[in-house]
There are 2 protein chains.
Amino acid sequence: MSKKDNILIIGAGLCGSLLALRMAQRGYKVTLVEKRPDLRNIEQDAGRSINLSLSDRGLRGLRLAGVEEEAIKQCIPMHGRMIHDKQGNTFLSKYSGRENKFINSISRPGLNMLLLDAAEKMPNVSLFFNHGCESVDLENASATFKNYETGAVTSFKGDILLGTDGAGSAVRRSMFNNRDFLFSFSLDWLTHGYKELTIPPTENGGYRTEKNALHIWPRGEDMLIALPNMDGSFTVTLFLPYANSNYCFENLITPEKVHEYFHSEFPDALALMPNLTEVFFENPTGPLGTIKCSPWNSFGKSLILGDAAHAIVPFYGQGMNASFEDVVVFDEVLEAFEEKLFSGTIDWKKIFQEYEKARKKDTDAIADLAVDNFHEMKEHTASELFQKKRKLETAFEAAFPDNYSSKYSMVTFNETISYDEAMTRGRAQDKAILNLIDDGELSENMPLNEKLILVKRTTEDILNDNAILGKLK
Amino acid sequence: MSKKDNILIIGAGLCGSLLALRMAQRGYKVTLVEKRPDLRNIEQDAGRSINLSLSDRGLRGLRLAGVEEEAIKQCIPMHGRMIHDKQGNTFLSKYSGRENKFINSISRPGLNMLLLDAAEKMPNVSLFFNHGCESVDLENASATFKNYETGAVTSFKGDILLGTDGAGSAVRRSMFNNRDFLFSFSLDWLTHGYKELTIPPTENGGYRTEKNALHIWPRGEDMLIALPNMDGSFTVTLFLPYANSNYCFENLITPEKVHEYFHSEFPDALALMPNLTEVFFENPTGPLGTIKCSPWNSFGKSLILGDAAHAIVPFYGQGMNASFEDVVVFDEVLEAFEEKLFSGTIDWKKIFQEYEKARKKDTDAIADLAVDNFHEMKEHTASELFQKKRKLETAFEAAFPDNYSSKYSMVTFNETISYDEAMTRGRAQDKAILNLIDDGELSENMPLNEKLILVKRTTEDILNDNAILGKLK
């Protein structure tokens, strides 16, 4: 084994911090540079997303770096979607028919601090905060940064540069602007924006509604969701069209109008948010976009990962999980090729290309699934046909835990199935079940195991029919 | 009717020239500004694409502006794809089983000149060449231009601004860079590039191979095509991966290697191109990209159309046709709303939004179909299963001309079916036929009309099954 290279990582958010930790564990010398102040020293912003869904794929990344147990201490399990209708009735739609399958609500800054602490303990990690990236030299794995405290401009250089600087990535922007190679890029905005609100704890620090669920108020074109925090509060997010709707961000511009809207659409949530209108006007309205691009590496010297390479909308609760899985896949590729890298048989370019080959179709898939889930959450969850499907799938998973997984389960609870495979199989399965129900082919008195056989056969037929283009090669 | 507004059109290519002509015919005062010199005064570039496919949708646009007949005089009909195998064997795959259905090869500069001549004859059109757009003020429908002859910078302003400045649109770029609204944008490059070559005329000015066909040499990952010109020559285009292939642009860097490649893959084409290697190294290698974006208008003042709004890859021969159809659709929307515009009941923003609502899904569809056709042309046309499908479809169209249209026919020969509808129905139909053939359900001795019934029923089943998500609303 030859010496390990220097790695410059730009962006110490969730993905960058985990990546730095893991690369340091592999023996590389890591310089980790972050634009923002060290969040361990400052009070948290109220306006930014402060809790996130953590599930199996994300946990696997944390496990790889030995910090899963610490993270789990910060988790609140959520066993299903608690659906709230307009009359304030609720019902719980479980995420899985299997026992002990749940997702977790976790504080974003809390988890980030945990990862920074672990990275900082490594002797081969240097951390710099308050350093905003001003320019990137992709070909030479170097970048200049402005120190926001002193105003000084510094330059850092690695043997390679890894960009984990999020959806607004400066590294990706410099790839986009570079004319030396063809960089495919897409940015798709939803016509909806989001705004964070809050349900405060009760006076004794308890929860004002069911703690162990992800709450949804689906209303067709708009939707409210809520995830629990450790302090008894819930972070609530409103998803609403910007314009062209009875109620939209463009016309919710007075406290009266906001109150009227919540009173009409989310009366039970309104009752839990005593200071709704203040918070509504304090917090910013954010846009919701999907970013895809390729190639992820430039000149075999610089590579982007996490949101920088594939920002997705939040509706599958997979953004952080996908970024952590990036670290797992990158680590696997390194594991497979590192010896050749050290012996000089291959270079980093090969590693980067193998990583993208292994990973790109999956991040594309979760991006598309997340947009699908936007429609599912705001609209389909309120549909009778959809609810019948969920009921059947929950029954399948309970009765045949080793023989059936819903699309949601494959995406969320099964990290051995890739996102791409989960999408392909899951979509076929959804189509099969919905059409079988709609055509009346799953009669009430058909035994459950026969229903399962029929669903599986129909799913296979759909997959086979879809595969026909592959036979034209 | 109140006075007609001033329209500033940027870009006098095919789309801009036809749009200027049509808007002038509707009575608007048009200022048409073009970066390039007036192509009526200069010799033509050899390196740029010099002939294009013109079919029903494009002809409809020309008809609307009264220039169809003139254009048809420049057309060479192509009745089908002439497929060339590696041994130099050829067979003609007709575009339609119907009589008198063909596409046309037409000179791009010739058609552009025809449109400029017609626009220039209108008293309410002002034409400026050699004026490169330097900056755009989207909100005020104005732009500054550099006069490439004098170096002077001029400014033009309209009541509205229409950007028809092509795939590299300056108007679109200023929309992309504007932070006042969310602009969704995608640019997808193929990993293939293209290079134009030529088959010269015979010594007596005749054609060296069949004149009335679009020639294809499909080779799986690469492909050669040829379209006839009026002077007896063919414009040949090579589509080839940039890299990572036995033969690719990265390694075709010596005359010997180019000759070896053509000798191995396209021996019959090589025999028709005496100066192949010279032309190969004279002409540039061009990239192939798809651009989608939205919204097409900014501030209700500026709108992009044609390639500026939706550049597509050339494989369906629909680029120009789609742009001309833009003019037809924009004209229809104007026709429907112009009275309200004049009376002040609505503004241009409404017109622009209605136009995008009517048009966007169709330009998205033809963009996707064009990428599909890349794979079909280079790969599927050589497959036996695919050829069986085409044979069956040609038989359907010949025997039941009023009762069957292939996807290709819907896209190319039926301008009353939108691109989106052609894609949805055409893909279902392709899937039905391919699976029926592959499953052996269309036996030799089944009468043709029974085959048609089975194909139609299977297609409807597929469409119905696909529509299930619509039932979750």
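## Digging into the pairing of strand β11 (residues 153–157) of chain A
Residue and element names in this part refer to chain A.
Then step 1. With five bridges connecting them, strand β10 (residues 142–147) and β11 associate as antiparallel partners. Residue pairing across strands places K146 opposite V153, the latter belonging to β11.
Then step 2. Adjacent in sequence and paired antiparallel, β10 and β11 are bridged by five residues, among which G151 carries a positive phi angle near 80°.

## As for the packing of aromatic side chains
Then step 1. Inspection of the entire model under this criterion finds 50 aromatic pairs over all chains.
Then step 2. With 5.5 Å between their ring centres and 15° between their planes, B:Y316 and B:Y408 make a pair best called stacked. Of the two residues, B:Y316 sits in the loop between α9 (307–310) and α10 (319–343) while B:Y408 sits in helix α13 (residues 407–413), which places them 92 residues apart along the sequence.
Then step 3. Residue B:Y316 is classed as buried on the basis of its relative accessible area, which comes to 4%.
Then step 4. An angle of 90° between the planes, with centres 5.4 Å apart, marks the rings of B:F330 and B:Y355 as edge-to-face. One end of the pair, B:F330, is in helix α10; the other, B:Y355, is in helix α11 (residues 348–378), and 25 residues separate them in sequence.
Then step 5. The class of B:F330 is buried, set by a relative accessible area of 0%.
Then step 6. On the basis of relative accessible area, B:Y355 is assigned to the buried category, the value being 0%.
Then step 7. An aromatic cluster is defined as three or more aromatic residues linked by ring pairs; in this entry it consists of A:Y28, A:W296, A:F330, A:W348, A:F352 and A:Y355.
Then step 8. Over the aromatic face of A:Y28 sits the side chain of A:K4, whose NZ or CZ is 4.8 Å from the ring centroid.
Then step 9. Residue placement shows A:R57 over the ring face of A:Y419; its charged tip is 4.3 Å from the ring centre.

## Some points on helix α4 (residues 108–120) of chain A
Residue and element names in this part refer to chain A.
Then step 1. Over its 13 residues, α4 runs 18 Å from end to end, which matches the ideal 18 Å to within 8%, given 1.5 Å per residue.
Then step 2. Along α4, the positions that sit buried rather than exposed are P109, G110, L111, N112, L114, L115, L116, A118 and A119.
Then step 3. With a side-chain oxygen lying 2.9 Å from the backbone nitrogen of G110, the N-terminal cap of α4 falls on S107.

## Notes on the domain arrangement of chain A
All names here are of chain A.
Then step 1. In terms of domains, chain A is made up of domain 1 (6–75 + 107–186 + 291–360) and domain 2 (383–472).
Then step 2. Domain 1 and domain 2 are separated by 36 Å when their C-alpha centres are compared.
Then step 3. Counting residues at the interface gives 11 residues for domain 1, matched by 11 residues for domain 2.
Then step 4. Roughly 900 Å² of surface becomes buried between domain 1 and domain 2 when both sides are summed, with 46% attributable to carbon and sulfur atoms.
Then step 5. Together, D56, R57 and Y316 form the three largest contributors to the area buried by domain 1 at its contact with domain 2, with a combined 67%.
Then step 6. Taken together, the connections running from domain 1 to domain 2 amount to zero salt bridges.
Then step 7. For the interface between domain 1 and domain 2, the tally reads six residue pairs in polar contact (both at pLDDT 80 or more).
Then step 8. Contributing elements (two or more residues each) for the side of domain 1 that touches domain 2: α2 (56–64) and α10 (319–343).
Then step 9. Considered class by class, the residues forming the side of domain 1 that touches domain 2 number two nonpolar, three polar and six charged.

## Regarding the pattern of salt bridges
Residue and element names in this part refer to chain A.
Then step 1. Going through the model one piece at a time under the given rule, you end up with 60 salt bridges over all chains.
Then step 2. A salt bridge links R427 to D372; its shortest N-O distance comes to 2.9 Å. With R427 in helix α14 (residues 419–438) and D372 in helix α11 (residues 348–378), this pair connects stretches of sequence that are 55 residues apart.
Then step 3. A residue is classified by how much of its surface remains accessible, and R427, at 36% relative accessible area, is partly exposed.
Then step 4. The shortest N-O distance in the salt bridge between E393 and K389 comes to 2.9 Å.

## With respect to the interface of chain A and chain B
Then step 1. Each side of the interface is counted separately: chain A has 29 residues, and chain B has 29 residues.
Then step 2. Between chain A and chain B, roughly 2700 Å² of surface is buried when both sides are summed, and carbon and sulfur atoms account for 62% of that area.
Then step 3. The largest share of the area that chain A buries against chain B comes from A:L182, A:I468 and A:L472, three residues that together contribute 24% of it.
Then step 4. If you look at where chain A meets chain B, you find two salt bridges.
Then step 5. Ionic pairing is found between A:D438 and B:K471, a salt bridge with its closest N-O pair at 2.5 Å.
Then step 6. Viewed at the interface, chain B and chain A are joined by 12 residue pairs in polar contact (both at pLDDT 80 or more).
Then step 7. Counting only elements with at least two residues in the side of chain A that touches chain B, the list comes to β13 (184–199), α12 (384–399), α14 and α15 (448–466) of chain A.
Then step 8. Tallied by class, residues from the side of chain A that touches chain B come to 15 nonpolar, seven polar and seven charged.

## Comments concerning the state of the cysteines
All names here are of chain B.
Then step 1. Under the defined criterion, the tally for this structure stands at zero disulfides over all chains.
Then step 2. In this structure C293 is not part of a disulfide, and its nearest cysteine sulfur, from C15, lies 13 Å away.
Then step 3. Exposure remark for C293: the relative accessible area of 2% places this residue in the buried category.

## Regarding unusual backbone geometry
Residues and elements named next belong to chain A.
Then step 1. Put simply, S294 and P295 share a cis peptide bond, and its omega is 0°.
Then step 2. Take P295: it is sitting in the loop between β17 (286–294) and β18 (297–298).
Then step 3. At N130, a position not held by glycine, the phi torsion is positive, near 60°.
Then step 4. Here N130 lies in the loop between β8 (125–128) and β9 (131–137).
Then step 5. For N130, a relative accessible area of 13% corresponds to the buried category.

## Things to note about the sheet that holds strand β9 (residues 131–137) of chain B
Residues and elements named next belong to chain B.
Then step 1. Here three strands make up an open sheet; going across it, the order is β9-β10-β11 and the pairing antiparallel. Taken across any chain shown, the strands that pair with only one partner, and hence form the sheet edges, are β9 and β11 (153–157). With strand direction ignored, the average angle separating the axes of adjacent strands in the sheet is 30°.

## Focus: the packing of α12(A) against α15(A)
Residue and element names in this part refer to chain A.
Then step 1. Following both chains from N to C, one finds α12 and α15 inclined at 110°, their axes separated by 11 Å at the closest point. The angle between α12 and α15 places the two elements in the roughly perpendicular class. On α15, the residues that touch L392, A395, F396 and A399 of α12 are L448, K451, L452 and V455.
Then step 2. In the contact of α12 with α15, the residues fall into seven nonpolar, no polar and one charged.

## Description of the sheet that holds strand β18 (residues 297–298) of chain B
Residues and elements named next belong to chain B.
Then step 1. Here we have six strands laid out as an open sheet, ordered β8-β2-β1-β12-β19-β18, and mixed in their pairing. Pairing within the sheet leaves two strands with one partner each, and these edge strands are β8 (125–128) and β18.
Then step 2. Sheet topology places strand β12 (residues 160–163) next to strand β19 (residues 302–304); three bridges connect them, and they run parallel. Directly across from L162, in β19, lies its bridge partner L303.
Then step 3. Running at roughly 115° to β19, helix α5 (residues 170–177) makes contact with β1 (6–10), β12, β18 and β19 of the sheet.

Criteria and thresholds
- Residues numbered from 1 in each chain as written.
- Chains lettered and ligands numbered in written order.
- Predicted model: local features only at pLDDT ≥ 70, side-chain atom pairs only at ≥ 80, totals over all residues.
- Heavy atoms only, no water.
- Pairing = 2+ DSSP bridges.
- Helix = DSSP H or I, 4+ residues; strand = E, 2+ residues; numbered from the N terminus.
- Phe/Tyr/Trp six-rings, centres within 6.5 Å; stacked < 30°, edge-to-face > 60°.
- Buried < 20%, exposed > 50% of the residue type's maximum accessible area, 1.4 Å probe, protein only.
- Lys NZ or Arg CZ within 6 Å of the ring centre and 35° of its normal.
- Expected span 1.5 Å × (residues − 1).
- Polar contact = N/O pair within 3.5 Å; in protein donor to acceptor, adjacent residues only side chain to side chain.
- Domains from an automatic or database assignment.
- Contact = heavy atoms within 4.5 Å.
- Buried area = accessible area lost by both parts, 1.4 Å probe.
- Salt bridge = Lys/Arg side-chain N within 4 Å of Asp/Glu carboxyl O.
- Nonpolar A, V, L, I, M, F, W, Y, C, P; charged D, E, K, R; others polar.
- Disulfide = S-S within 2.5 Å.
- Axes fitted to C-alpha atoms, helices over the stretch in contact; angles between N-to-C directions.
- Parallel < 35°, antiparallel > 145°, perpendicular 65-115°, else oblique.

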